[in-house]
Structure formats: C-alpha cells, structure tokens
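A look at the structure
Next come the chains, spelled out residue by residue.
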Amino acid sequence: MSIEKSYELAREQYASIGVDTDKAIERLKNIPISIHCWQGDDVTGFENLGASLDGGIAVTGNYPGKAKTPDQLRADMSFAFSLIPGPKKANIHACYSEPKSLKTDRDTITPECFSNWADWAVEEKIGLDFNPTCFSHPKSSDGLTLSHPDEGIRQFWIDHCIRTREISEYLGKRTGIRSVNNIWVPDGFKDNCYDKLAPRARLLDSLNKIEAKKLDSKYTVDAVESKVFGMGAEAYTVGSHEFYLSYAMKNPGVMVTLDAGHFHPTEVISNKISSILLFADELLLHVSRPVRWDSDHVVILDDELIAIAQEITRNDLESRVNIALDFFDASINRIAAWVIGSRNTQKALLKAMLEPVEALKKTENELDFTTRLALTEEYKSYPFGAVWDYYCENMGVPTRESWLEKVRAYERDVLIKR
Ligand code: RNT
Ligand code: ZN
C-alpha cells in the first residue's frame with residue numbers, strides 16, 4: 001500500500017482519539033537532534049598526538065571505512081544527514097581541531113582551528129555543538145584532569161576548557177545557532193578513594209575559573225556531564241551527578257547533562273527530566289544505550305528511548321531539553337549507526353507526540369487507573385509507523401529501510417576504498 005494511503009488511514013485512526021497527526025509532524029520538524037561526529041572515526045580525532053582513546057571509554061570493532069581525515073568525516077556526516085529527516089546539529093569535540101601550527105596544543109586551540117567545521121556547518125545550514133576533550137592526551141594519562149592535584153596539569157585543562165567556551169561562542173556566531181559546550185571529564189579512581197572531598201573541591205575551583213568570564217548566551221551555553229563510573233575509575237568519580245546537579249543549580253547559566261549510560265544499571269534518565277526542569281531552565285541529554293555498563297551501543301527504539309521522548313513531549317519541554325546523541329560502535333557500518341540512532345530518536349519523539357495527552361492526564365487526575373493502563377497499552381499499537389513513513393517522504397529522505405541500500409552503495413563506492 002502506498003505511503004499516502006497508509007497515512008490517510010492512520011490519520012483517521014489517530015483523529016478518532018483526538019490526535020492530530022499533521023500537527024505532530026509539524027512539531028517534529030522543529031526538534032533538532034545533535035549528531036555526534038565521533039561515531040564516524042571511533043573517537044579518534046585528528047591531532048595525531050599518538051595517544052590512544054582513554055578516559056575509561058572504549059570503542060570495539062574494526063569495521064572497514066572509518067573516516068581518517070576531517071574532510072572524510074564531514075563528507076560521511078553530510079551523507080548520513082541526507083538520510084535523516086528534520087533539523088540537525090553536528091556535535092564536535094576539541095580533538096577534531098585542524099590547527100595551522102603543529103605547536104598548537106589543547107590549551108592553545110583557537111576558533112581558527114575550527115573554521116573548516118564552521119564553513120561546512122554554514123553550508124549544511126546546521127548548528128554546531130562543542131566539547132572540550134579532557135582525555136586521550138599525555139596530560140590526562142593519570143585519569144585526572146580538572147581535579148588533578150598537580151597545579152600545572154590542572155591549569156592546562158582549565159585553559160583548555162576556557163578555550164572551548166570561546167570556540168563554542170565562535171561556532172554559535174558563525175552558524176547563527178547557539179552552540180552547547182559540554183564539559184565531561186573522566187576524573188576518578190580505580191580503587192577506593194581516601195579523601196573524596198579534595199578532588200571535588202579542586203573540580204569546583206576549576207569550574208569556577210572556567211566559568212569566570214560571561215560569554216554571550218545568544219551564541220553559547222555550557223553544560224556539565226556527570227558519570228557514575230568509568231573503566232579504570234570504578235570506585236570513585238569526581239564529577240558525580242550530585243556534584244554537577246548542585247553546580248548547575250548554583251550557576252543558572254550552566255545546565256546539567258544526563259547521559260543515559262551514566263547511572264546505575266536500573267536507574268533511568270527519563271524519570272529525572274521532570275524533576276530537574278522544575279528547578280532549571282534547560283538540560284542536555286546524551287541519548288545513548290548502556291548494555292550492562294556504559295557501553296555506548298547504538299540507540300534502538302526501546303522502552304527507555306520512548307520514555308525519554310514522552311517526558312519531553314507530554315509536557316511540551318522540547319524547547320528546554322537539548323537532545324544530543326552519544327554512542328560509538330565500530331563493529332557495524334558507522335554511517336548506518338548514525339542513521340539508525342538518529343532516526344530512532346526521532347521515531348520515539350513522533351510516537352510520543354501521537355498520544356492524546358490531555359485526555360490521559362485527565363484520566364489520571366480522576367484516579368481512573370484502569371482506563372489509564374488500558375488506553376496507554378492499546379495506544380502502543382496504533383499505526384505510528386505510517387505517520388513516520390509519511391514524514392520521511394515529506395522531508396525528502398528515504399522511507400522505511402530503503403536508506404540501507406544507499407549506505408551500502410556509499411560503502412562500496414567510498415568507504416571500502418579508504
Ligand atoms: C563519556 C561521556 C562523554 C563522551 C564523549 C565522547 O562517558 O559520555 O560524553 O562519550 O564526550
Ligand atoms: Zn556522554
């Protein structure tokens with residue numbers, strides 16, 4: 001059956017429960033997804049420092065075709081973007097810098113090191129988000145950066161983060177779209193920490209120094225990302241959730257980041273959104289998929305992804321929740337990974353927007369829990385796929401699984417030849 005015909009039937013079925021599918025589609029067209037460049041090259045970057053990926057994160061697999069130059073990475077992202085509907089941003093890391101001089105280190109990077117990224121983004125008509133890279137560097141080899149007891153090393157990372165705020169502001173100005181600068185540090189200890197306070201006091205002092213200068217909030221805003229543990233930092237993480245949540249509450253210009261893989265295995269980020277947004281203006285999500293640990297698997301359309309989307313859409317929070325993806329899998333085609341994770345995130349948002357929200361809230365307020373359970377379960381099998389297909393067709397991207405052929409052709413023609 002044609003996509004239009006299926007859509008007409010779906011539209012009618014949703015209309016019967018008071019849901020306007022056309023409106024949901026319009027709403028989805030206004031929710032940008034920030035797509036991370038680091039899925040394209042296994043979080044390597046282009047600095048050639050000789051340092052391998054550290055900081056307690058890991059990429060496994062050796063699927064052929066990884067991007068080896070900035071131009072290849074941008075070309076791969078542009079291609080992936082052509083298969084993903086709706087507004088997008090690209091999320092880049094400081095280690096993707098293209099410095100003019102070999103002497104440039106992380107503490108001396110400048111906006112010019114990212115002018116190629118800015119040119120590309122302007123051409124793609126997208127925004128750029130940014131991240132300091134406080135790992136994979138000789139000065140992060142102790143597993144400590146902004147909380148390092150050595151003042152010289154700590155200052156190096158403070159300077160790095162200050163530079164990234166300025167670069168983020170530059171990217172915001174160049175693209176005309178505010179750039180979110182997300183600070184995550186791997187700092188922690190493998191074994192039991194004796195003094196849990198001092199590293200946190202040093203991290204706090206570092207953040208205060210980094211944030212000392214006010215930048216134009218029209219162009220840049222900072223976020224701070226916590227973690228419960230990392231590989232090699234199993235016993236203690238300096239930047240815990242309580243630490244950064246408290247920091248963000250005391251510093252209203254800084255938002256907190258919730259990464260789906262950074263909490264205890266049965267703890268979910270979907271249930272944190274409504275609490276935090278009663279006290280903060282905005283937050284940043286790192287949509288990821290932890291499998292037993294912070295494994296950063298490609299995001300699938302699972303219950304937690306749908307729950308995250310529901311928490312955003314049921315209370316109209318999309319203008320206050322910045323949605324970014326964070327996963328890296330080198331065991332499958334890297335472009336397919338981007339497309340699968342991005343489209344699933346959008347599918348989850350669309351599915352969530354096809355609920356008769358007011359009616360269900362009313363049922364709950366009337367304490368009619370039987371109806372609440374019966375209807376939310378029945379609505380799960382309403383034909384949202386037909387609405388998704390229609391949206392993709394409307395946005396000029398491949399419908400259903402037809403994008404895969406295009407990825408296969410690109411693999412044959414471009415990736416395999418690298
Ligand atoms: C690490 C954090 C962080 C990184 C990226 C590369 O556990 O999730 O966000 O994944 O910055
Ligand atoms: Zn993350």
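Look up a bit, the structure's there.
Residues numbered from 1 in each chain as written. Chains lettered and ligands numbered in written order. Predicted model: local features only at pLDDT ≥ 70, side-chain atom pairs only at ≥ 80, totals over all residues. Heavy atoms only, no water.

**Some thoughts on the overall build of the chain**
A count of helices and strands for the chain gives 14 helices and 10 strands. A globule of 418 residues ought to have a C-alpha radius of gyration of about 22 Å, and the chain, at 22 Å, matches this closely. When the backbone C-alpha atoms are referred to their principal axes, the chain occupies close to 65 × 55 × 40 Å. The 418 residues of the chain split such that 55% are buried. Taking the contacts inside the chain whose residues are at least 6 apart along the sequence as the reference set, 81% of them involve residues at least 24 apart. (Helix = DSSP H or I, 4+ residues; strand = E, 2+ residues; numbered from the N terminus. Rg over C-alpha atoms; globule rule 2.2 N^0.38 Å. Buried < 20%, exposed > 50% of the residue type's maximum accessible area, 1.4 Å probe, protein only. Contact = heavy atoms within 4.5 Å.)

**So, the site of ligand 1**
The environment of ligand 1 is formed by W38, I57, H93, W184, E225, K227, D259, H262, H286, D294, D326 and F328. At 2.9 Å from an oxygen atom of ligand 1 is found a side-chain nitrogen or oxygen belonging to D259. Within the side chain of H286, a nitrogen or oxygen atom sits 3.2 Å from an oxygen atom of ligand 1. Against a free-state accessible area of 310 Å², the protein chains account for coverage of 99% of ligand 1. Partitioning the shell around ligand 1 into residue classes produces four nonpolar, three polar and five charged. (Near = heavy atom within 4 Å. Polar contact = N/O pair within 3.5 Å; in protein donor to acceptor, adjacent residues only side chain to side chain. Areas by Shrake-Rupley, 256 points an atom, 1.4 Å probe, with all protein chains shown as cover. Nonpolar A, V, L, I, M, F, W, Y, C, P; charged D, E, K, R; others polar.)

**Describing the coordination of the zinc ion (ligand 2)**
Donor atoms from the polypeptide that coordinate the zinc ion (ligand 2) comprise E225 (OE), D259 (OD), H286 (ND1) and D326 (OD), at 2.1 to 2.2 Å from the metal. Classification of the site at the zinc ion (ligand 2) rests on its six donor atoms, whose angles at the metal span 71 to 167 degrees, yielding the label octahedral. In terms of primary sequence, the donors binding the zinc ion (ligand 2) are separated according to E-x33-D-x26-H-x39-D. Placement of the pair is D259 in strand β8 (residues 254–259) and H286 in strand β9 (residues 283–287), with a sequence separation of 27 residues. Residue classification places H286 among the buried residues on the basis of a relative accessible area of 2%. (Donors = N, O, S within 2.8 Å, 3.2 Å for Na, K, Ca; no water. Tetrahedral: all angles 85-135°; square planar, octahedral: opposite > 155°, others 65-115°.)

**With respect to the pattern of salt bridges**
Applying the stated rule across the entire model yields 27 salt bridges. For E211, the salt bridge goes to R165, with nearest N and O atoms at 3.6 Å. Remark: R165 occurs in helix α5 (residues 151–175) and E211 occurs in the loop between α6 (197–210) and β6 (220–225); sequence separation between them is 46 residues. Considered together, E211 and R165 belong to a single accessibility category, that of buried residues. A salt bridge links R372 to E364; the nearest nitrogen and oxygen atoms lie 2.8 Å apart. We classify R372 as partly exposed; its relative accessible area is 32%. A single salt-bridge network, built from bridges that share partners, covers E151, R154, D205 and K209. (Salt bridge = Lys/Arg side-chain N within 4 Å of Asp/Glu carboxyl O.)

**A word on the packing of aromatic side chains**
In total, this model carries 13 aromatic pairs according to the counting rule given. Each ring, one from F81 and one from W120, has its centre 6.0 Å from the other, and the planes form 35 degrees; the classification is tilted. A residue pair is termed long-range when its members are at least 10 positions apart, and F81 in helix α3 (residues 70–81) and W120 in helix α4 (residues 115–124) qualify at 39 residues. The class of F81 is buried, set by a relative accessible area of 5%. With relative accessibility at 10%, the residue W120 sits in the buried group. A centroid spacing of 5.3 Å and a plane angle of 80 degrees characterise the contact between Y379 and Y382, whose relative ring orientation is edge-to-face. According to the relative accessible area criterion, Y379 is buried, its value standing at 15%. Three or more aromatic residues link up through ring pairs in this structure, and these residues are Y14, Y379 and Y382. Looking at R74, its charged tip hangs above the ring of W117, at a distance of 4.8 Å from the centre. (Phe/Tyr/Trp six-rings, centres within 6.5 Å; stacked < 30°, edge-to-face > 60°. Lys NZ or Arg CZ within 6 Å of the ring centre and 35° of its normal.)

**Quick look at a nonpolar patch on the surface**
Taken together, the side chains of M249, L278 and F279 present a nonpolar region at the surface, about 380 Å² in accessible area. Locating L278 in the fold gives a position in the loop between α8 (270–276) and β9. Note on L278: relative accessible area 70%, which makes it exposed. (Patch = residues over 30% accessible without salt bridge, like charges linked within 9 Å, V, L, I, M, F, W, Y side chains within 5 Å.)

**Concerning the environment of E318**
Tracing the backbone shows E318 in the loop between α9 (303–313) and β10 (321–325). Take E318: its relative accessible area is 21%, and that puts it in the partly exposed class. E318 sits 311 residues away from Y7 along the chain, and the two C-alpha atoms are 25 Å apart. Leave out the neighbours within four places in its chain, and E318 touches R27, I31, I312 and T313. Of the polar contacts made by the side chain of E318, one reaches the side chain of R27; its length is 2.6 Å.

These results come straight from atomic positions and should not be treated as a statement about function.
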